[in-house]
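If you want the building blocks of each chain, they are given just below.
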Amino acid sequence: MSVLSFQKEIPVTGEYDVIVCGGGPAGFIAATAAAQNGAHTALVERYGFLGGAATAALVNPISTFKKNGRQVIGGLPWQFVERLAAMGGADDSYPNGNVPVDAELYKLAAQRAVLEAGVTPYLHTTLIDVECEQNTPTYVILQNKSGLFALKGRVFIDATGDGDLAALCGMPMQEMPKPETLQPASLGFRLGGVNTALVTGLHPAEPGAKFQMYEVRKIFEALPESEQVPQFGGPWFCTVLNDAAELVSVNITRTAADATSGESVSAAECRLREEMHALFALLKRHVPAFSGSYLVTSAPQVGFRESRRIRGNHVLGAEEYAAAYHFPDSVARGAHPIDIHRAANTKQDVRFLEQAGYIPYRAMICDGFDNVIVAGRCISADRASFASTRVMATAMALGEAAGTAAALSVSQKCAVTGLDISLLREKLLAQGAII
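Residues numbered from 1 in each chain as written. Predicted model: local features only at pLDDT ≥ 70, side-chain atom pairs only at ≥ 80, totals over all residues. Heavy atoms only, no water.

Participant: What am I meant to see in the overall build of the protein here?
Facilitator: Along its length, the protein carries ten helices and 17 strands. Against the 2.2 N^0.38 benchmark of 22 Å for 435 residues, the protein shows a C-alpha radius of gyration of 21 Å, consistent with a compact globule. A principal-axis box enclosing the C-alpha atoms of the protein has dimensions of 65 × 55 × 40 Å. Surface exposure of the protein reaches about 17,500 Å², of which carbon and sulfur atoms provide 49%. (Helix = DSSP H or I, 4+ residues; strand = E, 2+ residues; numbered from the N terminus. Rg over C-alpha atoms; globule rule 2.2 N^0.38 Å. Areas by Shrake-Rupley, 256 points an atom, 1.4 Å probe, with all protein chains shown as cover.)

Participant: What's the story with the sheet that holds strand E12 (residues 294-298) in this structure? I'm lost.
Facilitator: Spatially, E10-E11-E9-E12 is the arrangement adopted by the four strands of the open sheet, whose pairing is antiparallel. Unpaired on one side and paired on the other, strand E10 (232-239) and E12 mark the two borders of the sheet. Within the sheet, the average angular offset between the axes of one strand and its neighbour, ignoring direction, is 30°. Bridging between E10 and strand E11 (residues 248-253) involves five bridges; their strand directions are antiparallel. Across the sheet, residue Phe237 finds its bridge partner in E11, namely Val250. Most of the contacts of helix H5 (residues 214-222) go to E10, to which it runs at about 145°, and overall it touches E10 and E11. (Pairing = 2+ DSSP bridges. Axes fitted to C-alpha atoms, helices over the stretch in contact; angles between N-to-C directions. Contact = heavy atoms within 4.5 Å.)

Participant: Looking at this structure, I do not really get helix H2 (residues 75-86). What am I missing?
Facilitator: Between the first and last C-alpha of H2 there are 17 Å, a value that for twelve residues agrees with the 16 Å anticipated at 1.5 Å per step. Looking at H2, one finds that the buried residues are Gly75, Leu76, Pro77, Trp78, Phe80, Val81 and Leu84. Residues of H2 that are buried in the fold lie against helix H1 (25-36), strand E4 (70-71), helix H3 (103-117) and helix H9 (392-412). Within two residues after H2, Gly88 carries a phi angle of roughly 85°, on the positive side. (Expected span 1.5 Å × (residues − 1). Buried < 20%, exposed > 50% of the residue type's maximum accessible area, 1.4 Å probe, protein only.)

Participant: When you look at the nonpolar core in this model, what are you seeing that I'm missing?
Facilitator: For soluble globular proteins, nonpolar side chains are generally found buried alongside one another. One finds Phe28, Tyr106, Val140, Tyr361, Met364 and Ile373 to be the most contacted residues of the largest nonpolar core, which totals 99 residues. The leading source of residues in this core is H9, at 13 residues. Sequence-distant contacts of Phe28, that is, excluding residues within four places in its chain, are made with Gly22, Gly23, Leu43, Leu50, Phe80, Tyr106, Ala110, Val114 and Met396. In this structure, Leu187, Val199, Ile252 and Ala299 belong to the second largest nonpolar core, which totals 32 residues. (Core = buried A, V, L, I, M, F, W, Y, C linked by side-chain atoms within 4.5 Å.)

Participant: Just checking my understanding: could you explain the state of the cysteines for this structure?
Facilitator: A covalent bond between the sulfur atoms of two cysteines is what we call a disulfide. Applying the stated criterion across every chain, the model contains zero disulfides. Unpaired in this structure, Cys366 has its nearest cysteine sulfur neighbour in Cys169, at a distance of 11 Å. Exposure remark for Cys366: the relative accessible area of 6% places this residue in the buried category. Cys366 supplies the cysteine sulfur nearest to Cys414, a cysteine that is in no disulfide, at a spacing of 17 Å. (Disulfide = S-S within 2.5 Å.)

Participant: Mind showing me how you'd approach the packing of aromatic side chains here?
Facilitator: A ring pair, where both rings are aromatic, is described by two values, the distance of the centres and the angle of the planes. The final tally for this structure, using the stated rule, is ten aromatic pairs. Here the aromatic rings of Phe220 and Phe232 are separated by 5.5 Å at their centres, their planes lie at 85°, and the arrangement is edge-to-face. You can see Phe220 sitting in helix H5 and its partner Phe232 sitting in strand E10, a full twelve residues away along the chain. Among the residues examined, Phe220 registers a relative accessible area of 3% and is labelled buried. (Phe/Tyr/Trp six-rings, centres within 6.5 Å; stacked < 30°, edge-to-face > 60°.)

Participant: Please explain the packing of H2 against H9 as it appears in this structure.
Facilitator: Helices that pack against each other are described as a pair by the angle of their axes relative to one another and the distance between those axes. Look at H2 against H9: their axes get within 7 Å of each other, and the N-to-C directions meet at 125°. Looking at the two axes, H2 sits oblique to H9. Along the contact surface, H2 presents Gly75, Leu76, Pro77 and Phe80, while H9 presents Met396, Ala397 and Glu400. Of the residues in the contact of H2 with H9, the class split is five nonpolar, one polar and one charged. (Parallel < 35°, antiparallel > 145°, perpendicular 65-115°, else oblique. Nonpolar A, V, L, I, M, F, W, Y, C, P; charged D, E, K, R; others polar.)

Participant: How do you make sense of the side chain of Asp158 when you look at a structure like this?
Facilitator: Mapping Asp158 onto the fold places it in strand E8 (residues 147-158). For the buried Asp158, no salt bridge is present, and the opposite-charge side chain at shortest range is Arg308, 7.0 Å distant. Within the local environment of Asp158, its side chain forms a polar contact with the backbone nitrogen of Ala166, the two atoms lying 2.7 Å apart. Those residues in contact with Asp158 that sit more than four places away from it in its chain are Cys21, Gly163, Asp164, Leu165, Ala166, Ile373, Val374, Ala375 and Cys378. (Lys, Arg positive; Asp, Glu negative; His and termini not counted. Salt bridge = Lys/Arg side-chain N within 4 Å of Asp/Glu carboxyl O. Polar contact = N/O pair within 3.5 Å; in protein donor to acceptor, adjacent residues only side chain to side chain.)

Participant: What am I meant to see in the packing of H2 against H3 here?
Facilitator: Running from N to C, H2 and H3 point in directions that differ by 125°, and their axes come no closer than 10 Å. It follows that H2 is oblique to H3 by the angle criterion. The two elements H2 and H3 cross, and the hand of that crossing is right-handed. Taken together, the residues of H3 that come into contact with H2 (itself represented by Phe80, Arg83 and Leu84) are Leu105, Tyr106, Ala109, Ala110, Arg112, Ala113 and Glu116. (Left-handed = near helix turned anticlockwise from the far one by under 90°.)

Written out as structure tokens, the structure is:
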């Protein structure tokens, strides 16, 4: 392979206390928390809207805010849900704490939240590289329609989902499984004209139950080889708030893919788009509820369940997480089942939690990287605990912890690895976090 050496002077166009990379559930909450706690904050997002998995991948519903009938994730994440519900964009009444959302109103609510907090958003902006002094990043190098530019920061939050910023800084990573054994990628889509009265269990509302649509699964599994049924998962369906509109979110496609490989991502996008149309055609032909349905939209991007995870100061273990061990530095909770999807077949392994687990701040930081905090699915967790902590509600809780910690690090003039944990927990509790 040939190598090209490239050098260019680029302008430094801004300086911030906190720079958050990634505007998904963890990122926009992190930026909001940092700004509300007094930090001059920038938020970098590659799309023209915020929301990540909920908007760019059309994942629906948001999981999971409650366990055993009790709220386990509060604070800024739940305030956002309440705001979205007041706009008509969320249903916060489900007993199990799942929250169906309207992606368009989610985009608007997230945008309003960060702007009202005083965050400076950099949309349509891609993280290119990080300029470090030893292990300490000082600048992020970015690109958008204005060209290459840099922002200087004091504390950086990686909310990219794939640990992109942490990897560029050289933070140690856990070994990633081979692509074929990673949890599969899926392309979400929405259908209109669905006869929702004929689809049993459409609302994933009750606690302690799988929400696969078994009737559809049995139909697909019984089809002859001549139907050429693509690999599928679930399927999982969720109404998009307004039953009268007969709109349904669909999660059914799946394929092996590596989110950290551009070649693999491109191949997955093309493969899953073909398979989405094939599976939709099968639904129309063989499932009465979908006979009159039509494709409204597919997600702007494939959704990835698993990629990089840092090796931080504590690797959250499945057993301590499932046992709800309360860490002295607990900053977030998770209630979603330990849910491992398989790329090679239609199966998934599910272990329901008896109570919500706790996540320590140490799983978000790494010694030697004094101004970097990781939030969202790329925290330091083993593969089994990660299968629960990766979901959106937990990512939002981790985002609040990260943003609050970053702002405190700035105001206290200390490393994120040397932060007074009692002060951080005190701040989070005052914000309504459940830790």
